[in-house]
Structure formats: structure tokens, C-alpha cells
There are 2 protein chains.
Amino acid sequence: MRTIFPTSGAVHFSTRGEYGVRLMVELARHHGHGPVSLAEIADHEELPRPYLEQLVVSLRDAGLVSSTRGAHGGYALTRDPEEIRMGEVLRALEGPLAPMVCASEDPAHAAVCGRSGFCTVNPLWIKVREALATTLDSVTLADLTRPRETAHPFHAGTAADPVSLRA
Amino acid sequence: MRTIFPTSGAVHFSTRGEYGVRLMVELARHHGHGPVSLAEIADHEELPRPYLEQLVVSLRDAGLVSSTRGAHGGYALTRDPEEIRMGEVLRALEGPLAPMVCASEDPAHAAVCGRSGFCTVNPLWIKVREALATTLDSVTLADLTRPRETAHPFHAGTAADPVSLRA
DNA sequence: CTAATCCCGACGGAATCCGTCGGAATTTGT
DNA sequence: ACAAATTCCGACGGATTCCGTCGGGATTAG
């Protein structure tokens, strides 16, 4: 009997993704006011600091944050929150966002499948990957810093789109 | 050093999802010609039969396939392939398709998060879930039975949409 | 010099994933 | 009646991944 919620469900972001995004949001809130230490973030968000230390390496390697060492050091965004797409953040944290090896953006990875060419379900995974990428790249870090009561949490392109906020 | 491909990537369907979908496709191909045994499918798709036996229970419980026992028995779809959305299949196989507990369709599950109400990143996970659901529910099993060379693998709503096939 | 902070590598318990195995129940064909 | 084919069911176990913890080194500010 599979549990009702097998950790989370079919498609799953790990705590890396979850904590990492929250860390980035926190950095966005302090953007322009100097670096923020992991201790502060860990305290404010109630997250294990040693784990954040491990996480943030990926973000630094991806060039999303810069670090300043020593006392009063910490991390800061390298770009304005409006310029950082959540797709970049999650790729950095969790790896290529493909639901299946055969659906990787990188053709080299996709090739390891073997069933390429005759597999008729591959287009489904591709479509999933595209939907995911489009969605994540359409949201910026700035969108996640606004309080939820705001009228338009995500800059709704046209009017008449209350779906995105009241899910 | 996280491996380049951590099993698959950020968002990941397990082999349950992969094998289960391939099983369903195989059933769709034989739809209307009596039940197909797992031995045949396992042989044709080169998948471990005992594992398929375990898998197919979820599909049966979800009412997607019916079974007939005894010699010459096997499994068959309960509906026409055109009527079976891949969202249903994957929910049955992998559980609720939410990337995060707080983004579950079921409000009871979503409530376990605690951060509800003030968490500003929750809308992102909701949006991901919606994109995923919309995508998966827009593809039917029939779409996956057609050979790939077909002009329109997924019934493209409007013309000028070659994106979906050539990814 | 001290405190704060980033940086780095290693380690380990827990959970999940990916099946395997053995056998019971049911149906068909001979 | 018997044998073969098949679904059905529950348990088990190795491998991998996840989720952190821990200890210490390097760097900077005061």
C-alpha cells in the first residue's frame, strides 16, 4: 500500500529546491542592503544552517549569488530580482529540469536512452519538460517577494486571469 | 559533487511512471482484441514482469484497466484510448501530481505545511502543478500510440505549432 | 587577536526506489 | 480430472538518494 503522499507526489522538488528558493527570496528582500549571512537566513526561515551552506554552493557556482567572506560577510544576489528567473534557480539547485533522461535538453544525455527514434511516449516527456520550463522561466524572484494579498502575484499579462492566484 | 544527472533531474518520474505508461500504450495498441498478458508486454517491452505485476495493481485500482484471470487472461483498457488522459494514468501510478505537499489539490494535504497564508513561494508551486496537470491532461493515450513520423503527434489545436513535435 | 563568516570534505541514518521471490487463486484446454 | 497459464498477494532486500550533521580551515572586520 503506497502511502497517500509518497514524500510529496508524482513530480517532486526536494528540500534542496524548497530551501534554496526560500533562501533566494530572503536575499531578494534584502537586495541592495549589503550581504546577508546564512545564520540570519537560517534563523529567520527556521532552516538548518549547515545544510544551507551546502546548498548555496550550487547557487554560487551558477553565478546567481556572490559571497563576501569574513565578519559581516554573507551572500547577495548578483542581479536584480526582476532579472532572475525561477527556472535558473531550480536548475542550479536540482539539476536539469527534465522528468526523464530521454527528455533532457542536452542531446548527449537524451541519447543514453536507446529507445530514441521509435519510442512513442518520448514526446510526452518532452512536452512536460517544456511546460515546466516555460512556467518556471515565466516567474521571477521579484514575483515571490511580494506579499500574497497583492492583486497580481504574478504580473498577469492580460486582465481576467484570476486563476494564477486563487488556486 | 552532485552527478550531472541525479537519476534524472529536478522533477522526476520514477520507473513506475515510465513502465506503467509503456504498459498502457501497449494495451492501447491491442485495444479491442481481447486481453493482453503481462508476459507478452514484459517480453515485447523488455521489462521485468514481476515488477509490472506490482505496477498494474495501481492501474486496476484506479479503474483504468480490467483484468481477466486464468489461461488466456490478461489486462485490457476499460475505456477507449482517446478517453484516457495521461494525467489519470500518472496520478494512478505515482500519486498526486504536486511538486510539493503545500501545492496538493487536496486542501487537507496542503494544510500540513504550516507556512500557509504567509508563504510567498507557495503560488509558484501551485502554478507548476497547474501547468503539469494541464499538460498531462491534454494528452490522451491515443496520442501516444501513433508512430512518431505522423504530422501531428498531439492533435495540435491551431495550426502553426510545430514546437510540440520537434523539441 | 578575536569573532564572525564563508568554505570544504567527509560521514551516516533514514527513507525511497526497484525490483525479486514464493505461493495462492482462478480460468482454459485436454 | 489434470495441467498450464495467468492474475493476485504479501513480504523481503540491496542499492541509491535524500537530508542533513560534523569538524575544521581560510578570510575578513573590528
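Right above here is the structure, for reference.
Note that the structure is a prediction, hence the values are computed from the model and not measured.

Q: What am I meant to see in the overall build of chain A here?
A: Helices and strands together make up the secondary structure of chain A, namely six helices and two strands. Start at the N end of chain A and walk to the C end: the helices and strands fall as α-α-α-β-β-α-α-α. Pairs at least 24 apart in sequence give 58% of the contacts found in chain A among residues at least 6 apart.

Q: Any chance you could explain helix H1 (residues 15-29) of chain B here in plain terms?
A: For an α-helix, the turn length of 3.6 residues means that residues three or four places apart are oriented alike. All names here are of chain B. The end-to-end C-alpha distance of H1 is 21 Å, a good match for the 21 Å that 15 residues give at a rise of 1.5 Å each. For H1, the buried fraction is high: 12 of the 15 residues fall into the buried class. All of the buried residues along H1 are Arg16, Gly17, Glu18, Tyr19, Gly20, Val21, Arg22, Leu23, Met24, Val25, Leu27 and Ala28. Residues of H1 that are buried make contact with helix H2 (38-45), helix H3 (49-61), strand E1 (65-68), strand E2 (74-77) and helix H4 (86-94).

Q: Looking at this structure, how should I read the protein's contact with DNA strand D?
A: Around DNA strand D lies a shell of 27 residues, among which Ser14(A), Pro48(A), Gly70(A), Ala71(A) and Ser67(B) are the nearest. Taken together, the elements giving at least two residues each to the surface near DNA strand D come down to helix H1 (15-29) and helix H3 (49-61) of chain A together with H2, H3 and E2 of chain B. Grouping the amino acids of the surface near DNA strand D by side-chain chemistry returns 10 nonpolar, 12 polar and five charged.

Q: What am I meant to see in the environment of Thr68(A) here?
A: Residue and element names in this part refer to chain A. Mapped onto the elements of the fold, Thr68 is located in strand E1 (residues 65-68). Residues Thr68 and Ser37, spaced 31 residues apart in sequence, show a C-alpha to C-alpha distance of 9.4 Å. Here Thr68 is in contact with Pro35, Gly73 and Gly74, once residues within four sequence places are set aside.

Q: Where do I start with the protein's contact with DNA strand C in this structure?
A: What surrounds DNA strand C is a group of 27 residues, the closest being Ser67(A), Ser14(B), Pro48(B), Pro50(B) and Gly70(B). Those elements giving two or more residues to the surface near DNA strand C turn out to be helix H2 (38-45), H3 and strand E2 (74-77) of chain A together with H1 and H3 of chain B. Of the residues assigned to the surface near DNA strand C, the class counts are 10 nonpolar, 12 polar and five charged.

Q: In this structure, what is going on with the packing of helix H6 (residues 122-137) of chain A against helix H6 (residues 122-137) of chain B? I would like to understand it.
A: Angle between the axes and distance between the axes are the two parameters that describe a pair of packed helices. Viewed as axis vectors pointing N to C, H6(A) and H6(B) meet at an angle of 150°, and their least axial separation amounts to 9 Å. Viewed along their axes, H6(A) and H6(B) adopt a mutual orientation that is roughly antiparallel. Considering the relative orientation of H6(A) and H6(B), their crossing is right-handed. On the side of H6(A), the interface is formed by Lys127(A), Val128(A), Ala131(A), Leu132(A), Thr135(A) and Leu136(A), while H6(B) contributes Lys127(B), Val128(B), Ala131(B), Leu132(B), Thr135(B) and Leu136(B).

Q: Could you clarify how one ought to interpret the pairing of E1(B) in this entry?
A: Looking along a regular strand, one sees the side chains alternate between the two faces of the sheet. Inspection of the sheet shows E1(B) paired to E2(B) by four bridges, in the antiparallel sense. For Thr68(B), the partnering residue across the bridge sits in E2(B) and is Gly74(B).

Q: Please explain the nonpolar core as it appears in this structure.
A: Buried together is how nonpolar side chains tend to be arranged in soluble globular proteins. Within the largest apolar cluster, 86 residues are counted, with the highest numbers of intra-cluster contacts made by Val89(A), Leu132(A), Val89(B) and Leu132(B). Sequence-distant contacts of Val89(B), that is, excluding residues within four places in its chain, are made with Gly20(B), Val21(B), Met24(B), Leu64(B) and Ile84(B).

Q: Honestly, unusual backbone geometry in this entry has me stumped. Any pointers?
A: As a rule of thumb, non-glycine residues mostly have phi less than zero, and peptide bonds are mostly trans rather than cis. Residues and elements named next belong to chain A. Unusually for a residue other than glycine, His72 sits at a positive phi of about 60°. Mapped onto the fold, His72 is located in the loop between E1 and E2. A residue is classified by how many C-beta atoms lie within 10 Å of it, and His72, with 8 of them, is exposed.

The rules behind the values
- Residues numbered from 1 in each chain as written.
- Chains lettered and ligands numbered in written order.
- Predicted model: local features only at pLDDT ≥ 70, side-chain atom pairs only at ≥ 80, totals over all residues.
- Helix = DSSP H or I, 4+ residues; strand = E, 2+ residues; numbered from the N terminus.
- Contact = placed C-beta atoms within 7 Å.
- Expected span 1.5 Å × (residues − 1).
- Buried ≥ 20, exposed ≤ 12 C-beta atoms within 10 Å, placed from the backbone.
- Near = placed C-beta within 6 Å.
- Nonpolar A, V, L, I, M, F, W, Y, C, P; charged D, E, K, R; others polar.
- Axes fitted to C-alpha atoms, helices over the stretch in contact; angles between N-to-C directions.
- Parallel < 35°, antiparallel > 145°, perpendicular 65-115°, else oblique.
- Left-handed = near helix turned anticlockwise from the far one by under 90°.
- Pairing = 2+ DSSP bridges.
- Core = buried A, V, L, I, M, F, W, Y, C linked by C-beta atoms within 7 Å.

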